[in-house]
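Single-letter residue listing:
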Amino acid sequence: HAENARDPELRRAQSLVAQTISIARAKYPDDPAKGSKEIEARRQEVAIRIANGDKIAIIQVRSQQAQRVREITQDQALQRDGRSR
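Counting of residues starts from 1 at the beginning of each chain's written sequence and follows it residue by residue. The predicted nature of this model means local features are confined to residues of pLDDT at least 70 and side-chain atom pairs, given and counted, to a pLDDT of 80 or more, with totals for whole chains, interfaces and linings taken over all residues. Processing note: side-chain calculations cover all non-hydrogen atoms of the structure and skip hydrogens and water entirely.

Colleague: What's the story with helix α2 (residues 8-27) in this structure? I'm lost.
Modeller: Helix and strand labels come from DSSP, where a helix needs a run of H or I of at least four residues and a strand needs a run of E of at least two; each type is numbered from the N terminus. Here, expected helix span is obtained from the residue count minus one, scaled by 1.5 Å. Taking 1.5 Å of rise per residue, the 20 residues of α2 would be expected to cover 28 Å, and the 28 Å separating its terminal C-alpha atoms lies within 8% of that figure. Buried residues are those whose accessible area, probed at 1.4 Å on protein chains only, stays under 20% of the maximum for their type, while exposed residues exceed 50% and partly exposed ones sit between those limits. For α2, the complete set of buried residues consists of Glu9, Arg12, Ala13, Leu16, Val17, Thr20, Ala24 and Ala26.

Right, here's the structure in full:
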């Protein structure tokens, strides 16, 4: 992790995978196996891109996207509790 943090390309790759983890958890809160499968697919994709010398884009999280993820997560939690928004 320390080496990755010093290398901008690897740092961007780490942030892409971290974003994928966050999205997968919100997308599949009741099915961690599906989330893990999606995360592993993205990790493989990123590794292949790095091996091919491709550049990894900088991740920019927009507040609107973050808000939407929070709303979806909140809605799913309320549905589990038998309530609705």
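Next comes the rest of the write-up.
Colleague: Would you explain the nonpolar core in this entry?
Modeller: Proteins that are soluble and globular tend to have nonpolar side chains buried together. Counting five residues, the largest nonpolar core is built from Ala13, Leu16, Val17, Val46 and Ile56. Ranked by residues supplied to this core, first place goes to α2 with three residues. Nine residue types can take part in a nonpolar core, namely buried Ala, Val, Leu, Ile, Met, Phe, Trp, Tyr and Cys, and a core is a set of them joined through side-chain atoms within 4.5 Å.

Colleague: Sorry, what's going on with the pattern of salt bridges here?
Modeller: In a structure, side chains of opposite charge can pair up when their charged atoms sit close to one another. Definition used for salt bridges: Asp or Glu carboxyl oxygen within 4 Å of a side-chain nitrogen of Lys or Arg. One pass over the structure, following the stated rule, counts four salt bridges. Lysine 27 is the partner of glutamate 38 in a salt bridge, and the nearest nitrogen-oxygen pair spans 3.5 Å. Pair noted here: glutamate 38 is in helix α3 (residues 32-51) and lysine 27 is in helix α2, with a separation of 11 residues, a long-range link. For lysine 27, a relative accessible area of 47% translates into the label partly exposed.

Colleague: Is there a simple way to explain the packing of α2 against α3 in this structure?
Modeller: Between two packed helices, both the angle of their axes relative to each other and the distance between the axes serve to describe the pair. Running from amino to carboxyl end, α2 crosses α3 at an angle of 165°, the nearest separation of the two axes being 9 Å. Here α2 is positioned roughly antiparallel relative to α3, judged by the angle of their axes. In this structure, α2 crosses over α3, and the sense of that crossing is right-handed. Counting all contacts with α2, which are made through Leu10, Ala13, Leu16, Val17, Thr20, Ile21, Ala24 and Lys27, the residues of α3 involved are Gly35, Glu38, Ile39, Arg42, Arg43, Val46, Arg49 and Ile50. Residues of the contact of α2 with α3, tallied by class, amount to nine nonpolar, two polar and five charged. In this analysis, axes come from line fits to C-alpha atoms, helices being fitted only over the stretch in contact, and the angle between any two N-to-C directions falls in the range 0 to 180 degrees. Convention used here: angles under 35 degrees read as roughly parallel, angles over 145 as roughly antiparallel, angles from 65 to 115 as roughly perpendicular, and any remaining angle as oblique. The crossing is said to be left-handed when, going from far helix to near helix, the turn is anticlockwise and less than a right angle, and right-handed when the turn is clockwise. Residue contacts are defined here by distance: any two heavy atoms, one from each residue, within 4.5 Å place the two residues in contact. Residues were grouped as follows: Ala, Val, Leu, Ile, Met, Phe, Trp, Tyr, Cys and Pro as nonpolar; Asp, Glu, Lys and Arg as charged; and all remaining residues, including Gly, as polar.

Remember that the coordinates give geometry; whether it matters functionally is a separate question.
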